[in-house]
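Each chain, letter by letter, is given below.
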Amino acid sequence: MPHRDLADISKTGTAVGLTSSHAGEYEMNTTLSVCAAIAAGLAVHTHAQTILNGDMTGPMAASIPPPSWTAWSDTADTCDASGPFNYTGNPWVLSPNGGTFVRGGANNFGVNEGISQIVTGFIPGQTYALEFYTTNLGFQNPSSGWTGADGFWRFFADGSAIGDSVTLTKPALGSDDIAWTFGTLSFVAPAASFELAFQSRWLGPDSAAYMGIDGVDVRLVPTPASMAVIALAGVGTMRRRR
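Note that residues are indexed from 1 along each chain, following the sequence as it is written. Local features in this predicted model are restricted to residues of pLDDT 70 or higher, and side-chain atom pairs are both shown and tallied only at a pLDDT of 80 or more, whereas totals for entire chains, interfaces and linings draw on every residue. As a rule here, side-chain values come from all non-hydrogen atoms in the structure, and water together with hydrogens is ignored.

A.B. asks: Please explain the sheet that holds strand S2 (residues 77-79) as it appears in this structure.
C.D. replies: In a beta sheet, neighbouring strands pair by backbone hydrogen bonds and run either parallel or antiparallel. In space, the five strands of this open sheet follow the order S2-S3-S12-S5-S10, with antiparallel pairing throughout. Taken across any chain shown, the strands that pair with only one partner, and hence form the sheet edges, are S2 and strand S10 (181-188). Along the sheet, successive strands turn relative to each other by an average axial angle of 40°, direction set aside. Inspection of the sheet shows S2 paired to strand S3 (residues 101-107) by three bridges, in the antiparallel sense. Each bridged residue has a counterpart across the sheet, and for Cys-79 the counterpart in S3 is Phe-101. Being paired, for any two strands, means DSSP has found at least two bridges between them. Runs of H or I in DSSP of at least four residues are treated as helices and runs of E of at least two as strands, each being numbered from the N terminus. Helix axes use the C-alpha atoms of the stretch in contact, all axes being lines fitted to C-alpha atoms, and the angles between their N-to-C directions lie in the range 0 to 180 degrees.

A.B. asks: Looking at this structure, I do not really get the packing of aromatic side chains. What am I missing?
C.D. replies: Describing an aromatic ring pair means giving the distance of the ring centres and the angle of the ring planes. In summary, the pairing rule links any two rings of Phe, Tyr or Trp, Trp by its six-membered ring, whose centres are within 6.5 Å, and it sorts them by plane angle into stacked for under 30 degrees, edge-to-face for over 60 and tilted for everything else. The tally for this structure, following the rule as stated, stands at 15 aromatic pairs. Relative to Phe-187, the ring of Phe-122 lies with its centre 6.4 Å away and its plane at 50°, an arrangement referred to as tilted. With Phe-122 in the loop between strand S4 (114-119) and strand S5 (127-136) and Phe-187 in strand S10, this residue pair connects regions lying 65 residues apart in the sequence. Every member of this aromatic cluster is reached through a ring pair, and the members are Trp-69, Phe-132, Trp-153, Phe-155 and Phe-198.

A.B. asks: How should unusual backbone geometry be read in this particular structure?
C.D. replies: Excluding glycine, residues mostly carry a negative phi; peptide bonds, for their part, are mostly trans. Residue Pro-84 follows Gly-83 across a cis peptide bond; omega there is 15°. Relative to the elements of secondary structure, Pro-84 occurs in the loop between S2 and S3. Put simply, Gly-204 and Pro-205 share a cis peptide bond, and its omega is 5°. With a phi close to 65°, Ser-63 is a non-glycine residue in the positive phi region. Position of Ser-63 among the secondary structure elements: in the loop between helix H1 (20-46) and strand S1 (70-73).

A.B. asks: Got a minute to help me understand the environment of Ala-161 in this structure?
C.D. replies: Structurally, Ala-161 can be placed in strand S9 (residues 160-164). As a C-alpha pair, Ala-161 and Ala-197 span 36 residues in sequence and 9.1 Å in three-dimensional space. When near neighbours in sequence (up to four residues on either side) are disregarded, Ala-161 contacts Arg-154, Phe-155 and Phe-156. In this description, contact between two residues means that some pair of their heavy atoms is separated by no more than 4.5 Å.

A.B. asks: I would appreciate a short explanation of the environment of Ser-160 in the present structure.
C.D. replies: Locating Ser-160 in the fold gives a position in strand S9. For Ser-160, a relative accessible area of 44% translates into the label partly exposed. A sequence separation of 36 residues divides Ser-160 from Leu-196, and the C-alpha atoms of the two residues are 9.6 Å apart. Summary of the burial criterion: residues with accessible area below 20% of their type's maximum are buried, those above 50% are exposed, and those between are partly exposed, where the area comes from a 1.4 Å probe applied to protein chains only.

A.B. asks: When you look at the nonpolar core in this model, what are you seeing that I'm missing?
C.D. replies: Nonpolar side chains in soluble globular proteins generally cluster together in the buried interior. The nonpolar core is taken to be a set of buried Ala, Val, Leu, Ile, Met, Phe, Trp, Tyr and Cys residues, with the residues joined through side-chain atoms within 4.5 Å. Ranked by internal contacts, the top residues of the largest apolar core, which has 28 residues, are Leu-130 and Phe-198. For this core, the secondary structure elements donating two or more residues are S4, S5, strand S8 (150-157), S10, strand S11 (194-204) and strand S12 (208-220). The dominant element in this core, judged by the number of residues it contributes, is S12, at six residues. Contact partners of Phe-198, with chain neighbours within four places excluded, come to Met-56, Trp-69, Glu-113, Gly-114, Ile-115, Trp-153, Arg-154, Phe-155, Ile-213 and Val-216. Judged by nonpolar contacts, the second largest core, of nine residues, contains Cys-79, Ile-178, Trp-180 and Tyr-210.

A.B. asks: I would appreciate a short explanation of the sheet that holds S1 in the present structure.
C.D. replies: Read across the sheet, five strands follow the order S1-S4-S11-S8-S9 without closing on themselves; strand pairing throughout is antiparallel. In this open sheet, the two strands that pair with only one neighbour each are S1 and S9. When the angles between neighbouring strand axes are averaged without regard to direction, this sheet yields 35°. Two elements, S1 and S4, share three bridges in a ladder whose sense is antiparallel. Bridging from a neighbouring strand, Thr-70 pairs with Ser-116 of S4.

A.B. asks: Explain the pairing of S4 here, please?
C.D. replies: Two faces make up the sheet, and in a regular strand the side chains alternate between them. Here S4 lies mainly inside the structure; five of its six residues are buried. Judged from the six bridges that link them, S4 and S11 form a sheet pairing that is antiparallel. The residue bridging Gln-117 from the neighbouring strand is Leu-196, located in S11.

A.B. asks: Help me out: how do you make sense of the environment of Ser-207 in this one?
C.D. replies: For Ser-207, the location among the structural elements is in the loop between S11 and S12. Ser-207 gets classed as partly exposed once you look at its relative accessible area, which sits at 42%. Between the C-alpha atoms of Ser-207 and Asp-150, which are 57 residues apart in sequence, the distance is 9.6 Å. Ser-207 has contacts with Ala-106, Asn-107, Asn-108 and Trp-202, leaving out every residue within four places of it along the chain.

What follows is the structure in structure tokens.
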């Protein structure tokens, strides 16, 4: 029989001139290649979106956000374990993300400190998961003692609210360590690039809440259709192996 190149494929999808076992192996490898291509495509989309300095890394500064972020409302701070505004005598525990973080105050007089940036690389109409760490710092007032209301962070895309973090309460005592909580929320990208913002919010009972945020990241949520394609390709591969 004359030599046949592997690219010489019949309409049935079987390589001409190959034995049935070789043909099955060829088709299995082809299926695996398709799966790999789909997975690679999803990975590319997953990492296409860009949030700059989600780690909130920057020099400690009162009323100044970290690099790549701008003041969105009022004046949030860039903090490390010592402050600014840590009068407890107990260094703040850093988030699992490490390094500096952002502190935002909110009160019952309408102050809601927040920061923002223009983010890019999104697929309009696609669902994404926003991930972050939050904490309630409380406040050791030098004159009146330990205080601080319950609070949370509210997130915005182009000025429209997309969700809230969980509500957190300050530590029982100023000498207690703060605790960081991992949070996530889903949202639909309004455009390929848009303004992402988050703002501290107050819930009482004291007059002001002092919230921390760090490790802000975003990932693509795969669509059911794309996951179904991968699942079907995997089923086809298993059948070829039998």
